[in-house]
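# Architecture and fold: a report
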Amino acid sequence: MVMKQTGPLQSPSPIQYFFQGIQKLTMDSVVGDLPSYKVSVSPEALGFQIASMLEKDVHLPGVIVMEGEDIKGIVSRERFYERAGKLFGTDIYFGRSISTMLASIPQDNLILQDSTLITLATQQVLNRDLPSIYDPIIVERSGRNFRLLSALMLFIAQSHQLLELHHQRCYTVDAGQQFSDRDAILQFIRHVGIRPEFNLNVFIKPHAIRCDHCHKMVNFSVVDVVRSFPQLNRGVIVEEKMGTRSYRLYIRHRCLHGEIWEIPLFLDENLQYRSQRSARAVESYV
């Protein structure tokens, strides 16, 4: 059998993802969260068959060439058309097996686990030789399930994360003070859909929790949390289980060496303290 395995995107096309899914990315997102293709061919697949696959789906970044369970290499879209576009390229490659073209392509393949953070994956991609930087990446899932991820999609995701970091730099514990208490309360209510009879005094009630990293007591109120995030859905998460609502808030403060850290805080449906988790770094500041 010539074609070993072909399959669709894991999620929406890159264009759809750019406008829809990218807003869901966080600094904890991994390469498995990005759209990727399940597409591989055997070394005996003919060049014109690969050309047909690439023409059928303009977003397909290339194909993985596999023999049994062994990866022989990648033929990217760019390298395929580069070889085929040369003088007599179609005569040489279209009627022959893809292994012929594969032998002429330098291989610097990068195989990443689907649990690899996007930030770490980007560093590894950029550490490749310059001609290979834009080659697709192989993402391995459990059970030797391989998918192909466009390097461009990875760079788009990393750019979004860097933009989020910029927003976090602008909206730290010292920013957002242009919001009055009333404006902050209204923004919180709109975000979580809280019931009208809720006691609004809890929004301005002062609280204090200890950071397990710097061991300082951190003073805050709910309106302070609202002021700390340009996008409130990054700082306030609504959780509903078994018909009971609770809230997860991220309390930001200046920690050791001027770093911004945040403490995940869990509140019950009445916005009363329930528990907290270990603090984590947001970004370092000079």
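See above for the structure.
Rules behind the numbers
- Along each chain, residues carry numbers from 1 onward, in the same order as the chain's sequence is written.
- Totals for whole chains, interfaces and linings use all residues, but because this is a predicted model, local features are given only for residues with pLDDT of at least 70 and pairs of side-chain atoms are given and counted only at 80 or more.
- Note: side-chain values were computed over all heavy atoms of the structure, leaving out hydrogens and water.
- The helix count covers DSSP runs of H or I at least four residues long, the strand count covers runs of E at least two residues long, and both are numbered beginning at the N terminus.
- Throughout, a contact is declared for two residues whenever any of their heavy atoms are within 4.5 Å.
- Calculation of accessible area relied on Shrake-Rupley with a 1.4 Å probe; when residues are assessed, cover is drawn exclusively from the protein chains displayed.
- To form a nonpolar core, buried Ala, Val, Leu, Ile, Met, Phe, Trp, Tyr and Cys residues must be joined to one another through side-chain atoms within 4.5 Å.
- Remark: exposure states derive from per-residue accessible area (1.4 Å probe, protein chains only) relative to the maximum for the residue type, with buried under 20%, exposed over 50%, and partly exposed in between.
- Strands are treated as partners if at least two bridges between them are detected by DSSP.
- To get an axis, a line is fitted to the C-alpha atoms, and for a helix only the part in contact is used. The angle between two axes follows their N-to-C directions and goes from 0 to 180 degrees.
- The rule is short: rings of Phe, Tyr and Trp, with Trp giving its six-membered ring, pair when the centres are within 6.5 Å, and they are stacked under 30 degrees, edge-to-face over 60, tilted in between.
- Here, a salt bridge means any Lys or Arg side-chain nitrogen found within 4 Å of an Asp or Glu carboxyl oxygen.
- Given the number of residues in a helix, its expected span is that number minus one, multiplied by 1.5 Å.
- Note that the arc is defined by the directions from the helix axis to the C-beta atoms.

Of the regular secondary structure elements, the chain holds nine helices and 13 strands. Across the chain, every contact between residues at least 6 apart in sequence was considered, and the portion connecting residues at least 24 apart equals 58%. Only carbon and sulfur atoms are counted for the fraction: they give 53% of the accessible area of the chain, which is about 15,100 Å².

Within the largest apolar cluster, 31 residues are counted, with the highest numbers of intra-cluster contacts made by Phe 188, Phe 203, Leu 249, Ile 251 and Leu 271. Among the secondary structure elements, those contributing two or more residues to this core are helix H8 (181-192), strand S8 (217-220), helix H9 (222-227), strand S10 (244-254) and strand S11 (260-267). Sequence-distant contacts of Ile 251, defined by excluding residues within four places in its chain, comprise Ile 209, Val 218, Phe 220, Val 225, Trp 261, Glu 262, Ile 263 and Leu 265. Within the second largest apolar cluster, 25 residues are counted, among which are Ala 51, Val 75, Ile 105 and Leu 148.

Right, let's talk about the sheet that holds strand S2 (residues 62-67) for a bit. Within the open sheet, the three strands sit side by side as S1-S2-S3. Their pairing is mixed. Two strands in the sheet have a free side with no partner beyond their single neighbour: strand S1 (40-41) and strand S3 (70-76). Helix-sheet contacts for helix H3 (residues 77-84) involve S2 and S3, and the interaxial angle to S3 is about 70°.

Under the defined criterion, the tally for this structure stands at five aromatic pairs. An angle of 85° between the planes, with centres 5.5 Å apart, marks the rings of Phe 80 and Tyr 81 as edge-to-face. For Phe 80, a relative accessible area of 0% gives the class buried. Note on Tyr 81: relative accessible area 34%, which makes it partly exposed.

The phi dihedral of Phe 88 falls on the positive side, at around 65°, and the residue is not glycine. The residue Phe 88 is located in the loop between H3 and helix H4 (89-93) in this model. Overall, the relative accessible area of 54% leaves Phe 88 in the exposed class. Phi is positive for His 215, which is not a glycine, with a value near 65°.

This part is about the sheet that holds strand S6 (residues 145-149). Across the sheet, which stays open at both edges, the three strands sit in the order S4-S5-S6 with mixed pairing between neighbours. Of all the strands in the sheet, the pair left with one neighbour each is strand S4 (111-113) and S6. When strand polarity is set aside, the average angle formed by the axes of neighbouring strands in this sheet is 35°. Direction of pairing for S4 relative to strand S5 (residues 137-141): parallel, over a ladder of three bridges. Bridge pairing in S5 links Ile 111 to Ile 138.

Below, the discussion takes up the pattern of salt bridges. Within this structure, the stated rule accounts for ten salt bridges. In this structure, Glu 67 engages Lys 72 in a salt bridge whose closest nitrogen and oxygen atoms are separated by 3.6 Å. Classification of Glu 67 as partly exposed rests on a relative accessible area of 41%. Each of Asp 181, Asp 224 and Arg 227 takes part in a single network of salt bridges with overlapping partners.

With that settled, consider H8. For H8, with twelve residues, the first-to-last C-alpha span of 17 Å sits near the 16 Å given by 1.5 Å per residue. For H8, the full list of buried residues reads Ala 184, Ile 185, Gln 187, Phe 188 and Val 192. Buried residues along H8 cover an arc of 160° about the axis, so they all sit on one side. Opposite the buried face of H8, by more than 90 degrees, sit the exposed residues Arg 182 and Arg 190. For H8, the elements touching its buried residues are H9, strand S9 (236-241) and S10. Note on H8: the residue one or two positions beyond its end, Gly 193, has a positive phi of about 65°.

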